[in-house]
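# Coordinates in review
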Amino acid sequence: MSLKEYPPGTAFPGVIGRTFAESEPAWPQPLRARRGAPNVLYIVLDDVGFGQLGCYGAPIRTPNIDRLAANGLRYANMHTTALCSPSRSCMITGRNHHSNAMSCITEGSTGYPGSNGLIPFENGFLSEILRGHGYNTFAVGKWHLTPAEQCTAAGPYDRWPLGRGFDRFYGFLGGDTHQYYPDLVYDNHQVTPPRTPAQGYHLTEDLADRAIEFIADAKQIAPDKPFFMHFCTGAGHAPHQVPRAWIEKYAGMFDDGWDAYREKVFARQLELGLVPPNTTLSARDPDVKAWSACSADEKRLYARMMEVFAAFLEHTDHQIGRLLDHLATTGELDNTLVMVVSDNGASAEGGPHGSINENLFFNNVPETLEENLKAYDELGGPDHFNHYPWGWAWAGDTPFRRWKRETYRGGATDPFVVHWPAGIKARGEVRTQYAHLIDMVPTVLDALGVAPPAQIHGVTQSPIEGVSFAHTFDDGAAPSKHRTQYFEMMGHRAIYHNGWRAVCPVPGPSFAQAGVGFGELAVDEAKLRELDAHGWELYHVDEDCAETANLAEQNRPQLIELIAMWYVEAGRYQVLPIDSRGTARLAEERPHITEARERYVYHPHTSTVSNNSAPQILNRPHSITANVDIEDGLEGVLVAQGGSSGGYSLYVKDEKLHYAYNYLGVQEFRVETDAALPAGRHELRFEFEPTGAPDIAHGKGTPGKAQLYVDGKLAGEAELPVTIPVNIGITEGLTCGRDDGSVVTTAYEAPFTFTGKLDAVTYDVSGELLHDPESELRRLLAHQ
């Protein structure tokens, strides 16, 4: 006899008598997807420009994304917000980034509805919608949609992936991470990588393994149950890290430089039909040095940095291929709606010369060509947090101008591939209809025949702001339904309407012309009014897709209409106030679940504490105290923060107490106790006593004395002539009783877990703190 079922929330249709024999059962109907419903797979790349995939004209080999394009569609007119978190919020909710309160990265949030970094629950995630229709939902890789101050073991967890509709999560919560020593979270808790770099570990391979595992786990139990997977790689965001064998495949490929790269990629894009035949390649960027003007050593280093990036991207494509192969082998690929996209244009955060350790840049420490060349053979490995020069970002956004963070098309136009053989007849075609990331969710729902819900978990839902482009799947001539779209990113503004595009760059079309450095984007109100009156540019992108001919003077009425339209859209989507501040914006106070304090206590066998939540010890007197039981032969780390790119460690080795200070991978200072530690219970303490003032603008934190005490008696002392001024570590945080990841000092190997009894480690940071908000801006903006 078949079971009688009824929809939950409706009346019980069975019979309830006095006895079982007189009764008839009925069961609440389990949540089941529509029979034959397709799987959905988002593949989200990071900082990959329009001209960096093989199927978009690049010489970089991406055969697996290429095969999706060959058997699916490439969109040549897909737009992003020009920045990470804002873009990711759009593609998962179908609402604009200011509607999602995500005007910037969460670290740049401000106390306004469009900027507070707290995505409203009335803006439901695609994961929440599809789970309500019987889908399994998985998120793997980069997240960066939770306020930084909430990414701790104290939560709250309602804005972590499992709080926003995902059944499983494996990846990293922040904007970037080390590819060999990542900050990993599994569901709602931290985990360590399953292998070490010496054992062949790499994050992207791990992410592909986990994605395959999540799908296989579910499908072997419920083979007909569809899934939604949000697969987000760290590539091509810095650090550009990849095994050397992949790098050597590109040896010599980029020796002719970024100018030649642009010409070749542009020619290929014309051939592929990705840009109209009448397109003119955008002019040389005034901030980018001509390749012919680079010295021989510069060319050698810069070309190698691009080889590493290209290898990183190809290696990522290979892992994507493994995921696709699993779907093909299990018969799932043809009925999986795959969407491949990048979150913004190529990144210029490596600056004009590139970097082998971004933490030097964040701390105002200049890098020299001579020192960076010494790392030539190690680039891509675990010892360097490297990024290419911005000339390659400019080239990577061919044929457009500029790059990530800016609202020219180089920052806000990206590759977009759609693959769904069971639902799309067209193969290998290019689509030119205008689209934006907010259109992805309504397109998926349209393709699946799912209506946006009126409520999710009892919360009334806001209207979806994007429009479906599913009608273009099999009709290349169909008109776009997306006719108007505003852009705003840290004061950079633009608007598109019916083939026209107005752009207002801040503080101008180049750093050199504006007389400012990279990241120094703030302007005062008078300057903003001047820009509003005279800083807008006008392009007829239907005829000039690369924004090469500014028509602002020739067609003033059209420009004025678009500027007025921008303000209308800004009012509609919570964009105001226009905020082009830099340092002041990022230095603003934000609510925390706990108040700042002068004493912090940590225990062994606990989670890593993020650098945002750790005690702020830089440029101030402080002490670190550990209560331990000493026995013969014990050793290990009492507490450590940071890694090979900068940090410190307090540890016991060879029966002595040691303190190691790593100044940004450039120089290491050590101090140890004069005598061996006697057996028994002891109070071990490190104290930092400033002896001078910091010179933060020139990369020098407060100098001072490093002092070691045993039971209150001075037992060792050394000078720290220079300390880290701004940022201890890029991704690796504070650990008690061990040193995970890349080690702070070469004196031991990770994790060097403390083998004795350690009760707790206490920090006292009651001394006065000196800080430089301008440098803090540079640090925060790079983690996108």
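Bear in mind the structure is a predicted one, so any value in this text is a computation, not a measurement.

How each quantity is defined
- Residues numbered from 1 in each chain as written.
- Predicted model: local features only at pLDDT ≥ 70, side-chain atom pairs only at ≥ 80, totals over all residues.
- Heavy atoms only, no water.
- Helix = DSSP H or I, 4+ residues; strand = E, 2+ residues; numbered from the N terminus.
- Rg over C-alpha atoms; globule rule 2.2 N^0.38 Å.
- Buried < 20%, exposed > 50% of the residue type's maximum accessible area, 1.4 Å probe, protein only.
- Contact = heavy atoms within 4.5 Å.
- Areas by Shrake-Rupley, 256 points an atom, 1.4 Å probe, with all protein chains shown as cover.
- Axes fitted to C-alpha atoms, helices over the stretch in contact; angles between N-to-C directions.
- Parallel < 35°, antiparallel > 145°, perpendicular 65-115°, else oblique.
- Left-handed = near helix turned anticlockwise from the far one by under 90°.
- Nonpolar A, V, L, I, M, F, W, Y, C, P; charged D, E, K, R; others polar.
- Lys, Arg positive; Asp, Glu negative; His and termini not counted.
- Salt bridge = Lys/Arg side-chain N within 4 Å of Asp/Glu carboxyl O.
- Pairing = 2+ DSSP bridges.
- Disulfide = S-S within 2.5 Å.

For the rest of this paragraph, the subject is the overall build of the protein chain. Scanning the protein chain from N- to C-terminus turns up 17 helices and 30 strands. For 784 residues, the compact-globule formula gives about 28 Å, and the C-alpha radius of gyration of the protein chain, at 27 Å, lands near that figure. For the C-alpha atoms alone, the extent of the protein chain along its principal axes is close to 90 × 80 × 50 Å. By the burial criterion, 61% of the 784 residues in the protein chain qualify as buried. Sequence-distant contacts, at least 24 apart, represent 75% of the contacts inside the protein chain between residues at least 6 apart. Entry remark: accessible area of the protein chain is about 28800 Å², with carbon and sulfur atoms responsible for 52%.

Looking now at the packing of helix H4 (residues 203-221) against helix H7 (residues 296-329). Contact geometry for H4 and H7: axes closest at 9 Å, N-to-C directions at 15 degrees. In this view, H4 runs roughly parallel relative to H7, as classed from their interaxial angle. Once H4 is placed against H7, the crossing between them reads as right-handed. Facing Thr204, Glu205, Ala208, Asp209, Ala211, Ile212, Ile215 and Ala216 of H4, the residues of H7 in contact are Phe312, His315, Thr316, Gln319, Arg322, Leu323, His326 and Leu327. Here the contact of H4 with H7 is composed, by residue class, of eight nonpolar, five polar and three charged.

This paragraph deals with the side chain of Arg159. By secondary structure assignment, the location of Arg159 is in the loop between strand E5 (136-142) and strand E6 (168-172). Of the buried charged residues, Arg159 lacks a salt bridge, with Asp158 as the closest side chain of opposite charge at 4.3 Å. Apart from residues no more than four positions distant in its own chain, Arg159 is found in contact with Leu118, Ile119, Phe121, Trp143, Leu145, Thr146, Pro147, Gln150 and Arg164.

The next point concerns the packing of helix H1 (residues 63-70) against H7. Running from N to C, H1 and H7 cross one another at 55 degrees; their axes reach a closest spacing of 7 Å. As judged from the angle between their axes, H1 and H7 are oblique. Of H7, the residues touching H1 (which contributes Pro63, Asn64, Ile65, Arg67 and Leu68) are Asp317, His318, Ile320, Gly321, Leu324 and Asp325.

We now examine the pairing of strand E10 (residues 336-342). Both faces of the sheet carry side chains from a regular strand, because those side chains alternate between them. A large share of E10 lies buried, amounting to seven of its seven residues. Side-chain alternation along E10 places Thr336, Val338, Val340 and Ser342 on one buried face and Leu337, Met339 and Val341 on a second face that is also buried. As paired strands, strand E3 (residues 39-45) and E10 are joined by seven bridges and run parallel to one another. Bridge pairing links Tyr42 to Met339 in E10. Bridge analysis of E10 against strand E11 (residues 413-419) gives four bridges, and the strand direction is antiparallel. Bridging across to E11, Met339 finds its partner in Val418.

This brings us to the pattern of salt bridges. Applying the stated criterion across every chain, the model contains 41 salt bridges. In this structure, Lys4 engages Glu24 in a salt bridge whose closest nitrogen and oxygen atoms are separated by 2.7 Å. Of this pair, Lys4 sits in the segment before strand E1 (5-6) while Glu24 sits in the loop between E1 and strand E2 (27-28), and the two are 20 residues apart along the sequence. The exposure class assigned to Lys4 is partly exposed, which follows from its relative accessible area of 32%. Linking Asp285 and Arg402 is a salt bridge whose minimum nitrogen-to-oxygen distance equals 2.9 Å. Here Asp285 is found in the loop between helix H6 (257-272) and H7, whereas its partner Arg402 is found in the loop between helix H10 (390-396) and helix H11 (409-412), with 117 residues between them in sequence. Each member of the pair, Asp285 as well as Arg402, is classed as buried. Salt bridges sharing partners connect three or more residues here, namely Arg244, Glu248, Arg304, Glu307 and Asp377.

Further remarks concern the state of the cysteines. Summed over all chains, the structure comprises zero disulfides. There is no disulfide at Cys90, and the cysteine sulfur nearest it, in Cys84, is 11 Å away. By relative accessible area, Cys90 is classed as buried at 0%.

The subject of this paragraph is the side chain of Arg304. The topology assignment puts Arg304 in helix H7. Look past the residues within four positions of Arg304 in its chain and what remains in contact with it is Arg244, Ile247, Glu248, Tyr376 and Leu379.

Moving on: the sheet that holds strand E16 (residues 484-489). With respect to topology, four strands assemble into an open sheet ordered E16-E17-E18-E19, the strand pairing being antiparallel. In this open sheet, the two edge strands, each paired with only one partner strand, are E16 and strand E19 (537-539). Between one strand axis and the next, the sheet turns through 10 degrees on average, direction left out of account. As paired strands, strand E18 (residues 500-504) and E19 are joined by three bridges and run antiparallel to one another. When the bridges of E19 are listed, Arg501 appears paired with Tyr539. Of the strands in this sheet, E16, strand E17 (492-497), E18 and E19 touch helix H15 (residues 556-572), which is tilted by about 110 degrees from E17.

What follows covers unusual backbone geometry. Following Ala235, the chain continues into Gly236 via a peptide bond in cis, with omega recorded as 0 degrees. Mapped onto the elements of the fold, Gly236 is located in the loop between strand E9 (227-232) and helix H5 (244-248). Phi is positive for Arg402, which is not a glycine, with a value near 65 degrees. Notably, Asp711 is not glycine yet its phi reads approximately 55 degrees, a positive angle. Considering the arrangement of structural elements, one finds Asp711 in the loop between strand E27 (704-710) and strand E28 (713-720). Residue classification places Asp711 among the partly exposed residues on the basis of a relative accessible area of 41%.

Take the sheet that holds strand E22 (residues 636-643) next. A sheet is described by the order of its strands in space; here five strands give the open sequence E25-E24-E23-E22-E29, paired in antiparallel fashion. Of all the strands in the sheet, just strand E25 (667-672) and strand E29 (734-736) have a single pairing partner and so form its edges. Within the sheet, the average angular offset between the axes of one strand and its neighbour, ignoring direction, is 10 degrees. Of the pairings in the sheet, the one linking strand E23 (residues 646-653) to strand E24 (residues 656-663) comprises seven bridges and is antiparallel in character. Bridging from a neighbouring strand, Gly647 pairs with Asn662 of E24.

These figures capture arrangement, not role.
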